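Spelled out, the chains give:
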Amino acid sequence: MDPARVPTHVAIIMDGNGRWALSRGLPRLAGHRAGVENLRRIITACVEFGVKHFTIYAFSTENWGRPREEVDGLMFILNEVLDRELEELNRQGVQLRHIGRLEGLLPSIQKKVRQAIERTRANDRLILNVAFNYGGRDEIVHAIRQMLADGLQPDAVDADLVSRYLFTAGQPDPDLIIRTAGELRVSNFLLWQGAYAEYYAADVYWPDFDKEQFRLALEHFGRRERRFGLVSAQLKPKAVPDAASGN
Ligand code: IPE
Ligand code: IPE
Ligand code: MG
């Protein structure tokens, strides 16, 4: 893959764990476990392909409304993953971050998340943003409240400032947002940051979204023309010399 065409920031709506499990006659939680296994593979692929920021949608502010057993199961899995995967992430040079409302989680999990963030702070091969108890609207509400609490005057507010009040402050916007399991909706994910993201829908459930599927998504991204509201003629020519020019 041409490194110049690899997106800097990839985000994934990891959808379809429940359907993956049901299609095998398994309980939904088995799908979430398979989803975590897959996540490990895709993180490794991100490092390999040279992606620098990777944001994963793991639990939305709306997911609290699921049956109690499933919510508890997802919290249990998060807890377990933090214990089990941290050293491997650290070894791979992954810096862990959290986006969303940490304070809505159990105190013991909050503590673990904070420790994991601290432990991986110096890593710089890949920044992994875990969106857990995350909602795009909630993030914007949170930002507005902070701005008001900071006593900002109306004239001081512009798009850059809003970005700096979001959970992703300081990071580039996602270039590519992938959603697995075929659904064509945003489901409250990165509403602000995704303004000019390229979207890609994969037709497989998240546990089946393997490295090859990921490569296809990145290649697809590499062939798209991002115009940001302009017209083609205004855009910089591609870095790759084209065959017709004879160079
Ligand atoms: C995504 O898979 C993971 C979470 C939302 C936690 P789902 O659990 O939404 O799986 P489906 O969409 O029901 O198949
Ligand atoms: C989005 O998936 C949230 C996560 C992947 C964590 P959902 O399954 O919750 O979204 P809807 O309900 O299909 O829109
Ligand atoms: Mg779903």
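Small disclaimer: the values here were computed from a predicted structure and weren't measured. (Residues numbered from 1 in each chain as written. Chains lettered and ligands numbered in written order. Predicted model: local features only at pLDDT ≥ 70, side-chain atom pairs only at ≥ 80, totals over all residues. Heavy atoms only, no water.)

**Examining the site of ligand 1**
Every one of the 13 residues lining ligand 1 counts as a neighbour, but Met14, Asp15, Arg19, Arg28 and Arg66 are closest to it. The separation between an oxygen atom of ligand 1 and a polar main-chain atom of Gly18 is 2.9 Å. The side chain of Arg66 places a nitrogen or oxygen atom 2.7 Å from an oxygen atom of ligand 1. Taken by itself ligand 1 offers 380 Å² of open surface, and the protein chains cover 87% of this. Residue assignment for the shell around ligand 1 shows that the elements contributing at least two residues are helix 1 (17-22), helix 2 (28-49) and helix 3 (68-91). Per element, the largest residue contribution to the shell around ligand 1 is three residues, and it comes from helix 1. Counted by class, the shell around ligand 1 contains three nonpolar, five polar and five charged residues. (Near = heavy atom within 4 Å. Polar contact = N/O pair within 3.5 Å; in protein donor to acceptor, adjacent residues only side chain to side chain. Areas by Shrake-Rupley, 256 points an atom, 1.4 Å probe, with all protein chains shown as cover. Helix = DSSP H or I, 4+ residues; strand = E, 2+ residues; numbered from the N terminus. Nonpolar A, V, L, I, M, F, W, Y, C, P; charged D, E, K, R; others polar.)

**Remarks on the side chain of Glu198**
Along the chain, Glu198 falls in strand 6 (residues 198-201). Residue Glu198 is classed as buried on the basis of its relative accessible area of 15%. (Buried < 20%, exposed > 50% of the residue type's maximum accessible area, 1.4 Å probe, protein only.)

**Side note on the packing of helix 3 against helix 4 (residues 107-119)**
Running from amino to carboxyl end, helix 3 crosses helix 4 at an angle of 15°, the nearest separation of the two axes being 10 Å. On the basis of the axis angle, helix 3 is roughly parallel to helix 4. The way helix 3 lies across helix 4 gives a crossing that is left-handed. Each of Met75, Leu78, Asn79, Leu82, Asp83, Leu86, Glu87 and Asn90 in helix 3 lies in contact with helix 4, whose residues at this interface are Ile109, Lys112, Val113, Ala116 and Arg119. (Axes fitted to C-alpha atoms, helices over the stretch in contact; angles between N-to-C directions. Parallel < 35°, antiparallel > 145°, perpendicular 65-115°, else oblique. Left-handed = near helix turned anticlockwise from the far one by under 90°. Contact = heavy atoms within 4.5 Å.)

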